[in-house]
Amino acid sequence: MKSMTLRDILRENISQVIEGLAGSLGVPNFSLEVPEVAEHGDYATNAPLMLAKSLERKPMDIAEELAKPLADERWGVSVAAPGFLNFTFTDDVLVAALKEVLEAGDGWGTSTVGKGKTVMVEYFQLNIAKRPHIGHLRSAVIGDALKRIFLSQGYHAVSDTHVGDWGTQFGILLLGYKAAEQEQVKKEIEIDPFAFLEDIYARENKKIEMDPERRTLAKEEFAKLERGDTENRKIWEWMVDVSMKKLEESAERLGLLPFDEHKGESSYEKEMPPIVEEALQKNVATHKEDSAIVIDLTSEKLDEAVLIKSDGASTYLLRDLATIKYRQEKWKFWKNIYVVDVRQSHHFRQLFRVAELLGYEGVGASEPAYRTGRHIEFGFMKLPEGAISTRKGTAIALDALLDEAEKHALAVIREKNPELPHADIVARQVGMGAVKYFDLSHNRKSDITFEWEKALSFEGNTGPYLQYTYARLKSILRKGGDSLDDIKEIKNVSLADVEHRLISLVLRYSLIIEHALQGCAPHILAAYLYELASVANEFYHALPVLQESDEQKRMLRIMIITATALTLKNGLYVLGIEAPEEM
Ligand code: ARG
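Each chain has its residues counted from 1, following the order in which its sequence is written. The predicted origin of the model limits local features to residues at a pLDDT of at least 70 and limits the giving and counting of side-chain atom pairs to 80 or more, whereas totals for whole chains, interfaces and linings rest on all residues. Values reported for side chains reflect all heavy atoms of the structure, with hydrogen atoms and water molecules removed beforehand.

Colleague: Go over the sheet that holds strand β6 (residues 156-160), please, and point to the residues and values.
Modeller: The 4 strands are arranged β6-β5-β10-β11 in an open sheet whose pairing can be described as parallel. Only two strands of the sheet have a single partner each, and these edge strands are β6 and β11 (373-378). Across the sheet, the mean angle from the axis of one strand to that of its neighbour is 20 degrees, orientation sign disregarded. Inspection of the sheet shows strand β5 (residues 118-122) paired to strand β10 (residues 335-341) by 4 bridges, in the parallel sense. If you follow Val-119 over to β10, its bridge partner there is Lys-335. When DSSP locates at least two bridges between a pair of strands, those strands are taken to pair. A helix here means a DSSP run of H or I that spans at least four residues, while a strand means a run of E at least two residues long, and both kinds are numbered starting from the N terminus. Convention adopted: a line fitted to C-alpha atoms gives each axis, helices being fitted over their contacting stretch, and angles between N-to-C directions are expressed from 0 to 180 degrees.

Colleague: Any chance you could break down helix α15 (residues 398-416) for me, citing the residues and the numbers?
Modeller: Given a helix with a known number of residues, its expected span is that number minus one, times 1.5 Å. Compared with an ideal rise of 1.5 Å per residue, which puts 19 residues at 27 Å, α15 spans 27 Å between its outermost C-alpha atoms and is within 8% of the ideal. Only protein chains enter the area calculation, which uses a 1.4 Å probe; residues under 20% of their type maximum are buried, those over 50% are exposed, and those in between are partly exposed. Among all positions in α15, only Leu-398, Leu-401, Leu-402, Ala-405, Glu-406, Ala-409 and Ile-413 are buried. Projection of α15 onto a plane perpendicular to its axis shows the buried side chains occupying an angular sector of 130 degrees, all on one side. Across α15 from its buried face, at more than 90 degrees, point the exposed residues Lys-407, Arg-414 and Glu-415. It is the directions from the helix axis to the C-beta atoms whose arc is reported.

Colleague: So what's going on with unusual backbone geometry? Residues and values would help.
Modeller: The phi angle of most residues is negative, glycine excepted, and most peptide bonds adopt the trans form. Residue Pro-82 is reached from Ala-81 by a cis peptide bond, and omega for that bond is 0 degrees. Secondary-structure assignment places Pro-82 in the loop between β3 (75-80) and β4 (84-89). The phi torsion at Glu-56 lies on the positive side, around 50 degrees, for a residue other than glycine. Tracing the chain through its elements places Glu-56 in the loop between α2 (47-55) and α3 (59-70).

Colleague: Quick rundown of empty space enclosed by the protein? Include the residues and the values.
Modeller: Grid points spaced at 1 Å and placed over the protein atoms alone form the basis of the search, with a cavity being a set where a 1.4 Å probe fits but cannot get out and a pocket an open set showing protein on both sides within 12 Å along at least five of seven lines. Lining residues have an atom within 4 Å of a point. Grid points are joined across faces, edges and corners, and a volume is the space filled by probe spheres set on the points. Under the defined criterion, the tally for this structure stands at 1 cavity of 30 Å³ or more. Looking at the largest cavity, its volume works out to about 40 Å³. For the largest cavity, the full set of lining residues is Leu-126, Asn-127, Ile-128, Lys-130, Pro-132, Val-163, Ser-243, Met-244 and Leu-247. When residues are grouped by polarity, Ala, Val, Leu, Ile, Met, Phe, Trp, Tyr, Cys and Pro land in nonpolar, Asp, Glu, Lys and Arg in charged, and all others, Gly among them, in polar. The class makeup of the residues in the lining of the largest cavity is 6 nonpolar, 2 polar and 1 charged.

Colleague: Talk me through the site of the ligand; I want residue IDs and the actual numbers.
Modeller: By nearness alone, every residue bordering the ligand is listed as Glu-122, Gln-125, Asn-127, His-162, Tyr-316, Asp-320, Tyr-338, Val-340, Gln-344, His-347 and Phe-348. Between N or O atoms, a polar contact is any pair within 3.5 Å; within protein, one atom must be a potential hydrogen donor and the other a potential acceptor, and residues adjacent in sequence are included only when both atoms are from side chains. Here Tyr-316 contributes a side-chain N or O atom positioned 2.7 Å from a nitrogen atom of the ligand. A distance of 2.7 Å separates a nitrogen atom of the ligand from a polar side-chain atom of Asp-320. Here, Shrake-Rupley sampling with a 1.4 Å probe gives the accessible areas, and only protein chains in the shown set may cover a residue. Relative to its free-state accessible area of 350 Å², the ligand is covered by the protein chains to the extent of 85%. Of the residues belonging to the shell around the ligand, the class tally is 4 nonpolar, 5 polar and 2 charged. We call a residue near a molecule or strand as soon as one heavy atom of that residue lies within 4 Å of the molecule or strand.

Colleague: Got a sec to walk through the environment of Gly-460? Specific residues and values, please.
Modeller: With respect to the element layout, Gly-460 can be found in the loop between α17 (452-456) and α18 (463-480). A relative accessible area of 27% means that Gly-460 is categorised as partly exposed. The spatial distance from the C-alpha of Gly-460 to the C-alpha of Ala-427 is 19 Å, given a sequence separation of 33 residues. Excluding residues that lie within four positions of it along the chain, Gly-460 makes contacts with Tyr-465 and Tyr-530. Contact definition: two residues touch when any of their heavy atoms are within 4.5 Å.

Colleague: Describe the side chain of Thr-462, listing the residues and the values that go with them.
Modeller: When you line up the elements, Thr-462 lands in the loop between α17 and α18. Taking relative accessible area as the criterion, Thr-462 reaches 5% and is therefore assigned buried. Of the polar contacts made by the side chain of Thr-462, one reaches the backbone oxygen of Ser-457; its length is 2.6 Å. Residues contacting Thr-462, with those up to four places away along its chain left out, are Tyr-437, Lys-454, Ala-455 and Ser-457.

Colleague: Can you explain the sheet that holds strand β8 (residues 293-296)? Please cite residues and give values.
Modeller: The 3 strands are arranged β7-β8-β9 in an open sheet whose pairing can be described as antiparallel. Each edge of the open sheet carries a strand with a single partner, namely β7 (286-287) and β9 (304-308). When β8 meets β9, the two strands line up antiparallel, connected through 4 bridges. Residue Ile-295 lies in a different strand from β9, and its bridge partner there is Ala-305.

Colleague: Which residues make up the pattern of salt bridges, and what are the values?
Modeller: By salt bridge we mean one thing: a side-chain nitrogen of Lys or Arg within 4 Å of a carboxyl oxygen of Asp or Glu. Within this structure, the stated rule accounts for 38 salt bridges. Linking Lys-474 and Glu-581 is a salt bridge whose minimum nitrogen-to-oxygen distance equals 3.8 Å. Pair noted here: Lys-474 is in helix α18 and Glu-581 is in the segment after α22 (551-575), with a separation of 107 residues, a long-range link. The partly exposed category is assigned to Lys-474, whose relative accessible area is 23%. Residue classification places Glu-581 among the partly exposed positions, given a relative accessible area of 34%. Through salt bridges with shared partners, a single ionic network connects Lys-246, Glu-249, Arg-253, Asp-399, Asp-403 and Glu-406.

Colleague: Account for the nonpolar core, with residues named and values stated.
Modeller: By nonpolar core is meant a set of buried Ala, Val, Leu, Ile, Met, Phe, Trp, Tyr and Cys residues that side-chain atoms within 4.5 Å join together. In this structure, Ile-14, Phe-124, Leu-254, Val-339, Leu-525, Leu-529 and Phe-539 are the most contacted members of the largest nonpolar core, which totals 152 residues. Sorting elements by how many residues they give to this core places α22 first, with 13 residues. Those residues in contact with Phe-539, other than ones at most four positions away along the chain, are Val-498, Glu-499, Leu-502, Val-545, Arg-557, Ile-560 and Ile-561. Core analysis: the second largest hydrophobic core is formed by 32 residues, Val-284, Leu-318, Leu-351 and Phe-352 among them.

Colleague: Talk me through helix α5 (residues 135-152); I want residue IDs and the actual numbers.
Modeller: At 3.6 residues per turn, the α-helix brings residues three or four places apart onto the same side. Look at α5: 27 Å from first C-alpha to last across 18 residues, which is about the 26 Å you get at 1.5 Å a residue. With 16 of 18 residues buried, α5 lies mostly within the body of the structure. Two residues or fewer after α5 comes Gly-154, characterised by a positive phi angle close to 85 degrees.

Colleague: Describe the packing of helix α6 (residues 169-179) against helix α9 (residues 214-227), with residues and values.
Modeller: Following both chains from N to C, one finds α6 and α9 inclined at 100 degrees, their axes separated by 7 Å at the closest point. Comparing their axes, α9 and α6 come out roughly perpendicular. Two secondary-structure elements touch here, α6 through Phe-170, Gly-171, Ile-172, Leu-174, Leu-175, Lys-178 and Ala-179 and α9 through Arg-214, Leu-217, Ala-218, Glu-221, Phe-222, Lys-224 and Leu-225. Here the residues of the contact of α6 with α9 are counted per class, giving 9 nonpolar, 1 polar and 4 charged. Between 65 and 115 degrees an angle is taken as roughly perpendicular, under 35 as roughly parallel, over 145 as roughly antiparallel, and anywhere else as oblique.

Colleague: Quick rundown of the packing of aromatic side chains? Include the residues and the values.
Modeller: Two aromatic rings from Phe, Tyr or Trp, using only the six-membered ring of Trp, form a pair when their centres are within 6.5 Å; if the ring planes differ by under 30 degrees the pair is stacked, by over 60 it is edge-to-face, and anything between is tilted. Using the criterion set out here, one finds 20 aromatic pairs in the structure. Ring geometry for Tyr-155 and Trp-334: centres 5.5 Å apart, planes at 25 degrees, overall stacked. Taken together, the positions of Tyr-155 in the loop between α5 and β6 and Trp-334 in the loop between α12 (316-331) and β10 put the pair 179 residues apart, joining distant regions of the chain. Here Tyr-155 matches Trp-334 in class, with each residue buried. With a centroid separation of 5.9 Å and 80 degrees between ring planes, the pair formed by Tyr-177 and Phe-196 is classed as edge-to-face. Note that Tyr-177 is positioned in helix α6 and Phe-196 in helix α8 (residues 193-210), a separation of 19 residues in sequence. Take Tyr-177: its relative accessible area is 14%, and that puts it in the buried class. Taken together, the aromatic side chains of Tyr-43, Trp-75, Phe-87 and Phe-89 make up a single cluster linked through ring pairs. By definition, being over a ring means that NZ of Lys or CZ of Arg is both within 6 Å of the ring centre and within 35 degrees of the ring normal. Taking the ring centre of Tyr-268 as reference, the NZ or CZ of Lys-263 above it sits at 4.9 Å.

Laid out in C-alpha cells, this is it:
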C-alpha cells in the first residue's frame, strides 16, 4: 500500500464533505490539481463547478458552502471564480511532511500499488546483422525509463528486446555471404563484422536489383535456413552471435536495466502454424486466390492483415501474434507495452484488432488482450544534418553518437571545472545524461532534432542542468557538516514564499510519477524535475543556508536541500540518468 500523501488526505476530506451536500446524487469525479499560479495555493479543485451541474445551483454559492466545513487547521481554504476552491497547507504541515520524505530516503516516491501485476515492456529491438544506430536510441531510453517507472510503483516489470532475427532479409545475407571471397570474409570479420555484413547486404541487394531472378535464390537460401540446413544455420548462428554481443555491449554502455528476455522472432516458428489454423477455423482468416492467408480489415480502414504471404512465408504480424500468446502463457501479463516508432502504428492497430478477433484473453487482467496491448509510439530523432536511415548506408551508429557525447561533455567539464577529479567518469555520466534527457524531456510523440549545444548546456531544460543542480546541493550539504540526526524538532516556523513553494513541489513528486506512469510519458517527470531544479536554484540564491545565523532556520534549509537533492536523485534514477556527486 501507498502511504497517504497530503493530497490524498485532502481528497478524502473533500469527498466526505461533498457526500454530505450532494447525498444521493453522489460524488462527482472532481479534479485536485496543482494550480498554474503559485498564489492560488498548493492544490485547487473544480468540485463546486462539477456539483453545480447536478445540483442546478450557482458554482460560487456551492464553493462558499463547501469552504466552511473544509476549513481545517492543516490548510487554508479560499474560493476563486468561477467555482474553484484553493488550498494552502500551513507551514507546520509542510515541514512535517518534509520529515517524512527524509525518512523515506531512497524509497521516497516509490510505492507498491502495482504489486501482483506484471507489465511486459518491449524496447531496444535490435536487428541481427545490423549495428545499432541512433534510431534505436529512443526506444532504448524511453523503454528503460518506463520499466523503471513501473518498477518504482511495485509492478513486476519484464523487459524483452524481441530481436529481429528472422525474415527474408536473411536469405539475402546468406546469398551475399556465400558470394564473398572466403579469404576476405575471414579478414573483414575480424576487423569489423558489421561493416562486413552491411557491405555484403548492400552488394547483394544491388545484384538483385540488376537481376531480379536472383531474388529467387535469396528466397531459397532463407527457405533452407527455415528447414534447418546445417551450413545456413551455422552462418546465421554466427550472425546472431556477433550481433547479440553488440546488443549487450550497447545496453551496458547506455546503462539500461538488465533485460529479462532477448527472445528472437525466429523462436516463434513452431507456434505459428496452429495460429493460422485457428484463424481459418474460426473464419477470421481466409485463403486468397494467390494462396496468401489474410484477415480482411478493409471495412475498418485497417487493410488486409497478412498472416501467410503468397509464397508461403510467415509474416512479421504472425510472429507478433505468436509473441502475444507466448507472453500470456509465460508472464501472465497485465499490460503488454511496445516501445516502437510511429511508423509501425498501423501494424500495431492490425495486431491488436486481430488478437481481439481471435479472442485472445488478457491473462490475469480484467481487460481483453487487445486492450492490454499498447503501442507506445515515438517520433524520430534527427541530427541537424538530416534524417537517419540505415538503408542508404548513412546511418549514424549509436556508438558514434555516444562517443561524440562523451567528448563534448569532457570539453565542457574541463572548461567549467578544471580541477575536477575523475573528469572522464563524470564526462561519461554527463554525456549520457545529456543524450537521454534530451530524448526524455520531449513528448515522445514529437520528432526531435538533436543539438549538442542545447543538450549539453548547463542552463535550461537539460540533463546537465539537473545533474549540476544536484551536485551544487550536495556540495552545500558537504560543507554544512550538520548531519540530519542533529535536527531538532522544528516548530512554529514561518516559511519564506520560496521555501513554501519548494517544499510543496518536493511533496508533489509521488503524484508526478503516477501521472508519468498512466500516460507512459517520461517527459512529465522530466518537466517536473526541471521545475524542481529551477526553484531549488531560486531558493539557494535568495536565502542564505550555511550563513544563516538562526539555527532553526538553518536546520530547516538544510532539510529542504536534503529533500530536494533526494528527489532529484530518485527522479533522475527513474529516468535512467546518473547523478554525479560533484561536477
Ligand atoms: N525489429 C523490428 C524492426 O526493426 C521492430 C520490432 C518491434 N516489435 C514488435 N513486437 N513488432 O522493424
